[in-house]
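Here is what each chain is made of, one letter per residue.
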Amino acid sequence: MMTVNEVSKLTGVSIRALHYYDQIGLLHPTEMTEAGYRLYDDTALGRLQQILLFRELEFPLKEIAGIVNDRCFDRDKALEQQIELLTLKKERLEKLIDLACRIREEGANRKENLPVHLGAQKGVQKGATMDFSAFDTKKLKEYAEAAKARWGKTDAYREFEERNRERGQDEQRLVSAGLMDVFAGFGAMRDEDAGSEAVQAQVKALQDYITENFYTCTPEILSGLGKMYEADGAFRENIDKAGGEGCAAFAARAIEKFCEGR
């Protein structure tokens, strides 16, 4: 068992925050001593790890409480999402480090090659690195939104749970296989324009299939799914397996065009 002070030192989470987690039902101590001190065991610390990883996904604390307290909470699926997001953050950080190193190297080269009176010249130097792609957080934000949509207790999520409970394992496999067949259709069209009539009809077929077999797929939900298909590693891998490499990215572009203005 660890005291609240020991947990705070170990994790970097303030004592005040740990008290607040207890108040909102997010993380209760394992035991309370007669003197009123909070004690935490390994199970509680494991739960705290999940909480902190969800914080990396920028979930509000009350939403995290709803997720980790849900009897249907899938820890392995949550870890998959968290690993994917952290990998994206790592890639972005590496790009920022590389950009900073290149800028430093160019500055050093200019100092070595320019005359002294030009060394302090203001303005953009010829050949200077003007790369801003490392600052783009769009992919990170899209993945976080998709993750939130998956865990959020929306009407669509509840509808999916209700329908899925009524199916046996064989029927679930058939429904999933049918969805992959739809993506195989996207794969056969990868060389076409994502906005073409045939491809847009395939998007409509996807929307109808989801509505018929999973939950009512509104344009807003479909748009979020498109982003998730491309950003989520597990989804992307399965869709590309069904329709060939690049199928998930192509389907995402087609869905984006379909949802424009809707």
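In what follows, the accompanying structure is described. (Residues numbered from 1 in each chain as written. Predicted model: local features only at pLDDT ≥ 70, side-chain atom pairs only at ≥ 80, totals over all residues. Heavy atoms only, no water.)

### Overview of the packing of helix α9 (residues 197-213) against helix α12 (residues 247-259)
Piece 1. Packing of α9 against α12 brings their axes to within 9 Å, and their N-to-C directions diverge by 90°. It follows from the interaxial angle that α9 and α12 lie roughly perpendicular. Contacts between α9 and α12 pair V199, Q200, V203, K204, L206 and Q207 from the former with F250, A254, I255, K257 and F258 from the latter. (Axes fitted to C-alpha atoms, helices over the stretch in contact; angles between N-to-C directions. Helix = DSSP H or I, 4+ residues; strand = E, 2+ residues; numbered from the N terminus. Parallel < 35°, antiparallel > 145°, perpendicular 65-115°, else oblique. Contact = heavy atoms within 4.5 Å.)

### Brief notes about the pattern of salt bridges
Piece 1. Enumeration over the complete set of coordinates arrives at five salt bridges.
Piece 2. Here R173 ties to D170 by a salt bridge, and the two come within 2.3 Å at their closest N and O atoms. Of the two residues, R173 and D170 both sit in helix α8 (residues 169-187), three residues apart, roughly one turn of that helix. (Salt bridge = Lys/Arg side-chain N within 4 Å of Asp/Glu carboxyl O.)

### Topic: the nonpolar core
Piece 1. Ranked by internal contacts, the top residues of the largest apolar core, which has 28 residues, are F183, F186, L206, I210, L222 and Y229.
Piece 2. Of all the elements in the fold, those that place two or more residues in this core are α8, α9, α10 (219-231) and α12.
Piece 3. With residues up to four places along the chain from it excluded, the contact list for Y229 reads F183, L206, I210, F235, R236, I239, A248 and I255.
Piece 4. Residues Y40, F54, I64 and I67 belong to the second largest nonpolar core, which totals 21 residues. (Core = buried A, V, L, I, M, F, W, Y, C linked by side-chain atoms within 4.5 Å. Buried < 20%, exposed > 50% of the residue type's maximum accessible area, 1.4 Å probe, protein only.)

### Let's talk about the packing of aromatic side chains
We describe a pair of aromatic rings using the distance from one ring centre to the other and the angle between the two ring planes.
Piece 1. Counting across every chain of the model gives three aromatic pairs.
Piece 2. On the numbers, 6.1 Å between centres and 35° between planes, the contact of F183 with F186 is tilted. Note that F183 and F186 are positioned in helix α8 at a spacing of three residues, about one turn of the helix.
Piece 3. The buried category is assigned to F186, whose relative accessible area is 0%.
Piece 4. Ring geometry for Y209 and F214: centres 6.4 Å apart, planes at 55°, overall tilted. (Phe/Tyr/Trp six-rings, centres within 6.5 Å; stacked < 30°, edge-to-face > 60°.)

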